[in-house]
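Residue strings, one per chain:
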Amino acid sequence: MKIALQSSGDGEHMQFIHQLGLAHVVSGATPSANGILELDDLRRRKDFFAEHDLVWDVIENLPPLCYNDAMFGREGRDRQIDNVCESIRNMGEAGIGVLQYQWMLLGGLRTEYSPTGRGGARYPRFDMEIAERMPAACLDWLGKGPDPHPYPHLPDRDMVSEEVWSNLIYFLERVVPIAEEAGVKIAAHPDDAPVPSFMGVARILISWDGLQRAIDCVPSPNNGLGFCMGTIGTMVDMNVVKAIRHFGSQGKIFFAHFRNPRGQVPFFDEVFPDEGDIDMVEAVHAFNDVEYDGVIRIDHCPGVIGDNGHADRSFAFQVGYLKGLIQTLTGTEIA
Amino acid sequence: MHIALSVQFGRDDQLIFAQQLGVQHVMAQVDCYDERTLESLRNRVQRTGLKLAGIEGVPLVRVEALQAIVRTAEAVGIDLISCTRPISGSHPQPRPTGRGNALIPTGADPVSGLSAEETSTVIDAARDADLRLAWTGSNSPVGMGMDLALDHLGKDPTTKLAALKAPVFIARARNTRRGEPCFLDEGDCDLPRCISALKAHSFDGPLLAHYPLGMVGDTDWRHKARAYDLGYLKAVLQALGVH
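As the structure is a computational prediction, the values presented were derived from the model and not from experiment.

Draft legend 1. Inspection of the overall build of chain A at higher detail. Each helix and strand counted, chain A has 11 helices and 14 strands in total. Relative to the compact-globule value of 20 Å for 335 residues, chain A shows a C-alpha radius of gyration of 19 Å, a close match. Along the longest, intermediate and shortest principal axes, the C-alpha atoms of chain A span 50 × 50 × 35 Å. Within chain A, the proportion of its 335 residues that are buried is 52%.

Draft legend 2. Layout of the pairing of strand β6 (residues 123–127) of chain A. All names here are of chain A. In terms of burial, β6 is a largely internal element, 4 of the 5 residues being buried. Inspection of the sheet shows β6 paired to strand β13 (residues 267–271) by 3 bridges, in the antiparallel sense. For R125, the partnering residue across the bridge sits in β13 and is D269.

Draft legend 3. Quick peek at the nonpolar core. Membership of the largest hydrophobic core comes to 179 residues, with the highest contact counts inside it found for M91, L99 and V175 of chain A together with V26 and A134 of chain B. Take this core: its biggest share by element is 10 residues, from helix α7 (residues 223–239) of chain B. Discounting residues that sit within four places of it in the chain, A134 of chain B has contacts with L80, I81, S82, C83, M144, G145, M146, D147, F169 and I170 of chain B.

Draft legend 4. Geometry of the sheet that holds strand β14 (residues 295–298) of chain A. All names here are of chain A. In space, the 8 strands of this closed barrel follow the order β1-β2-β3-β4-β7-β10-β11-β14, with parallel pairing throughout. Between one strand axis and the next, the sheet turns by 30° as a mean value, whatever way the strands run. Across 3 bridges, the pairing between strand β3 (residues 55–60) and strand β4 (residues 98–102) is parallel. The residue bridging V58 from the neighbouring strand is V98, located in β4. Sitting on the sheet, helix α2 (residues 39–51) is in contact with β2 (24–27) and β3, with an inclination near 135° to β3.

Draft legend 5. Seen up close, the sheet that holds strand β4 (residues 80–84) of chain B. All names here are of chain B. Read around the closed barrel, 8 strands run β1-β2-β3-β4-β5-β6-β7-β10, paired in parallel fashion. Here the strands of the sheet are splayed against their neighbours by 30° on average, with no regard to which way each runs. When strand β5 (residues 132–135) meets strand β6 (residues 145–149), the two strands line up parallel, connected through 2 bridges. Its bridge partner being in β6, W135 is matched across the sheet by M146.

Draft legend 6. Highlighting the interface of chain A and chain B. Counting residues at the interface gives 33 residues for chain A and 33 residues for chain B. Looking at the side of chain A that touches chain B, the elements with two or more residues in it are α1 (11–19) and α11 (312–330) of chain A. With 14 residues, the top contributor of residues to the side of chain A that touches chain B is α11 of chain A. Split into classes, the residues belonging to the side of chain A that touches chain B amount to 13 nonpolar, 13 polar and 7 charged.

Draft legend 7. Region of the structure containing helix α3 (residues 63–76) of chain B. Residues and elements named next belong to chain B. For α3, with 14 residues, the first-to-last C-alpha span of 20 Å sits near the 20 Å given by 1.5 Å per residue. Among all positions of α3, only L66, I69, V70 and A73 are buried. Viewed end-on, α3 has its buried residues packed into an arc of 100°, placing them on one side of the element. Turned more than 90 degrees from where α3 packs its buried face, E64 and A75 sit exposed. Buried residues along α3 sit against α2 (35–48), β3 (51–59), β4 and α4 (116–128). Two residues or fewer after α3 comes G77, characterised by a positive phi angle close to 85°.

Draft legend 8. Molecular detail of the pairing of β14 of chain A. Residue and element names in this part refer to chain A. Neither face of β14 is open: one carries V295 and R297, the other I296 and I298, and all of them are buried. With 3 bridges joining them, strand β1 (residues 2–6) and β14 adopt parallel strand pairing. Looking at the pairing, I3 lines up with I296 of β14. By the bridge criterion, 4 bridges tie strand β11 (residues 253–258) to β14 in an arrangement that is parallel. Pairing of H257 across the sheet is with R297, part of β14.

Draft legend 9. Inspection of the confidence of the model for chain B at higher detail. All names here are of chain B. Looking at chain B as a whole, the pLDDT averages 90, with 93% of positions reaching at least 70. When mean pLDDT is compared element by element in chain B, α7 scores highest at 98, while α4 scores lowest at 86. Scored below 50 in pLDDT, residues 86–90 makes 2 contacts in the model with residues more than four places away or belonging to other chains. Confidence estimates for the predicted assembly give a pTM of 0.95 and an ipTM of 0.95.

Draft legend 10. Representation of the packing of helix α9 (residues 240–249) of chain A against helix α10 (residues 280–289) of chain A in the model. All names here are of chain A. Relative to each other, α9 and α10 sit at 5°, their axes nearing to 9 Å. Relative to α10, the element α9 is oriented roughly parallel. Here V240, V241, I244, R245 and G248 of α9 lie close against α10, whose contacting residues are E282, A283, A286, F287 and D289. Here the contact of α9 with α10 is composed, by residue class, of 6 nonpolar, 1 polar and 3 charged.

Rules and cut-offs
- Residues numbered from 1 in each chain as written.
- Chains lettered and ligands numbered in written order.
- Predicted model: local features only at pLDDT ≥ 70, side-chain atom pairs only at ≥ 80, totals over all residues.
- Helix = DSSP H or I, 4+ residues; strand = E, 2+ residues; numbered from the N terminus.
- Rg over C-alpha atoms; globule rule 2.2 N^0.38 Å.
- Buried ≥ 20, exposed ≤ 12 C-beta atoms within 10 Å, placed from the backbone.
- Pairing = 2+ DSSP bridges.
- Core = buried A, V, L, I, M, F, W, Y, C linked by C-beta atoms within 7 Å.
- Contact = placed C-beta atoms within 7 Å.
- Axes fitted to C-alpha atoms, helices over the stretch in contact; angles between N-to-C directions.
- Nonpolar A, V, L, I, M, F, W, Y, C, P; charged D, E, K, R; others polar.
- Expected span 1.5 Å × (residues − 1).
- Arc of directions from axis to C-beta.
- pLDDT = per-residue confidence, 0-100.
- Parallel < 35°, antiparallel > 145°, perpendicular 65-115°, else oblique.

What follows is the structure, encoded as structure tokens:
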């Protein structure tokens, strides 16, 4: 298991990552104007991290602008899928082995970021009652994010679950064979928050069965999961430790997020890792037992007093926490 | 055994920081030991919802002053004092030789500024006050407990703990590599093993992180490094089933 933080390439932040004793980073990538992650750009960025003694293992995420027509099944999706395939080939050439993507048609959902936590720490929260009352306000992209935005407008029609599945399968059937050729694993991040539908648009990666179907619909050693512990932990009646064992023993966890929520849909908070509902000790045992050797990235975390824009204090706490668990439970050094 | 955070009197934001990171006990450093100050300290800690584990950094220099501190501490309900010899003159500059050029502190174990007879007088006063005195060096005077740095436990912490002549009142997690301070996870000392040995030794006092290293962009008090240490210690205790 390799612990990583997300990095934009900021020099001070990379030094911080070194000081935490980490050797791996996760980063996004900017597509060219035609929606392709270009080989030269990927190589340049990978070399940049390597010059700072950091390994860039995972692209997180495939920018939704590169495949939003595919998600919605709109005209133009074949052109986008061709571009995604080209991006995956370029990743293989550049030696970046994992591409995480998500199939959330309306993006992530949160309703609050309030000082309701331990000692007044700010906990991101999802409350379905508020989401239903003020739906547009909990779309985490509305009013921010890139321009043009991947979701140019609120949905103007309903989309049922099978339509969303059909679009995903259409995408995977074309992309997965290319990923196999390129030696790139593509990892589906579940829907966060994992509610069945939102504003009339179905969300499909919201349950144990949904995750398994995403794997099975296009069987391939290169088709798997971005195992977000936080999101999966908030699925109704989900046991994350069992899920790690189930999907990990199939070799389908390609990438993981380390986060501990409290509560499940329809109401949950993102809390500190030592106080959430997931038994993190057992979770580390499970990752170890299934011999997970991929990257686990410390995920978004509560807001701590006086912290900076990178939330360094909060991330330092979480990195220390995960290292302490791994060292105590497995007796191994981590980098 | 419970994690405690070292805080400075008057920096109430540090109390909130402790609480947010899941710490319920603090050890406080104060510049003045009069009753008003110690009462204020106790009240501020309690009103935050935390517990005052004790005060630390109390200088072992004048026997009369120490006796007065003991009496005042007893009066306000503080029952644990960690003593040290204050560093005189200029502090050695920390050096950027740690992991990722982290700043590592320099310094040595303190030695007592009191004679054996004076120390004995202070110990008697503490005993009368039902107050525990802890010594930060490796050789605590007879009658005092230990403020023990865990890297002193070496490769066989269980045997070393059993051989100690004084009780452990305070444990400090620190690590060193070839004698140089380093982050908790990377040194020659197997900290989870040491803490496991403390648990087996029925240690029920405060466990503190020792000196936090200087990280990039951090404050003088080193919030980032303290957060890292607290996360590490929380995980070790959870993994060992210490709640």
